[in-house]
Amino acid sequence: MKKTLLAVAALCAMTSGAAMAQQQDGKWQVRMRAVHLDAANKGSAADALGLSVNNKVIPELDISYYFTPNFAAELILTYPQKHNVRSTAVGGKIGTLKHLPPTLLAQYHFTNFGAFKPYVGAGINYTRFSSVDLLGGAADVKRNSWGGALQVGFDYALDKNWSLNFDIKKVYIDTDVSVGGAKVGKFKVDPLLVGVGVGYRF
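The following refers to the structure shown. (Residues numbered from 1 in each chain as written. Predicted model: local features only at pLDDT ≥ 70, side-chain atom pairs only at ≥ 80, totals over all residues. Heavy atoms only, no water.)

## Some words on the environment of Phe116
Note that Phe116 resides in strand β8 (residues 116-134). A relative accessible area of 34% means that Phe116 is categorised as partly exposed. Sequence separation between Phe116 and Ala157 is 41 residues, and the spatial gap between their C-alpha atoms is 6.7 Å. Residues in contact with Phe116, not counting those within four places in the same chain, are Phe154, Asp155 and Tyr156. (Helix = DSSP H or I, 4+ residues; strand = E, 2+ residues; numbered from the N terminus. Buried < 20%, exposed > 50% of the residue type's maximum accessible area, 1.4 Å probe, protein only. Contact = heavy atoms within 4.5 Å.)

## Notes on the side chain of Asp62
Along the polypeptide, Asp62 turns up in strand β3 (residues 56-66). Owing to a relative accessible area of 0%, Asp62 belongs among the buried residues under this scheme. A distance of 2.7 Å separates polar atoms of two side chains, one belonging to Asp62 and the other to Arg33. The residues contacting Asp62, other than those within four sequence positions of it, are Gln29, Val30, Arg31, Arg33, Glu74, Leu75, Ile76 and Leu77. (Polar contact = N/O pair within 3.5 Å; in protein donor to acceptor, adjacent residues only side chain to side chain.)

## Regarding the pattern of salt bridges
Scanning the model with the defined rule gives 12 salt bridges in all. A salt bridge links Arg33 to Glu74, with the shortest nitrogen-to-oxygen separation between them at 3.3 Å. Taken together, the residues Arg33 in strand β1 (residues 28-38) and Glu74 in strand β4 (residues 71-77) connect sequence positions 41 residues apart. With respect to burial, Arg33 and Glu74 carry one shared label: buried. The partner of Glu60 in a salt bridge is Lys169, and the shortest N-O contact between them spans 3.1 Å. Within this pair, whereas Glu60 is found in strand β3, its partner Lys169 is found in strand β11 (residues 162-171), the two being separated by 109 residues in sequence. (Salt bridge = Lys/Arg side-chain N within 4 Å of Asp/Glu carboxyl O.)

This is the structure we're talking about:
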């Protein structure tokens, strides 16, 4: 993460002269991010079975609408992400599953820092688990999850449309785990998502 922050800061410094003169005031903004997903792997099922899902880098598409210069809503999208599921109790990989986690956030954007445009956000996440294949069908998870989401980040204006983006989100995702039809406990994925990308405002 330190290397990522330094890289973003260097890019900002190199483009500061041009960016300071630019105003971005469009109602819509689209961002493309590369996001590192770092799962918490907690909960009673994780404790009992040593469950975990793998960390990975995923693509993200984000669409924002600005109601005012300060207040915006952001919809965060990706395609169903496949994860390997492991259990220390079993001794390794026990199968795979996919999750689709669209998230809607309300944001506050700070507007007094020139080209540097920090923001904070909070909202709700819905996750749909699918293609669940655990222990040859002997284990299963609840398919739907609702939870909160928190966000902090910044855009750095390159011109009146384009910007660089750095973003951190904490998303609360959990599911019930069952083995042989009996509930084992709750598995909390609760990932930390660290992303970098570009945005286009219009």
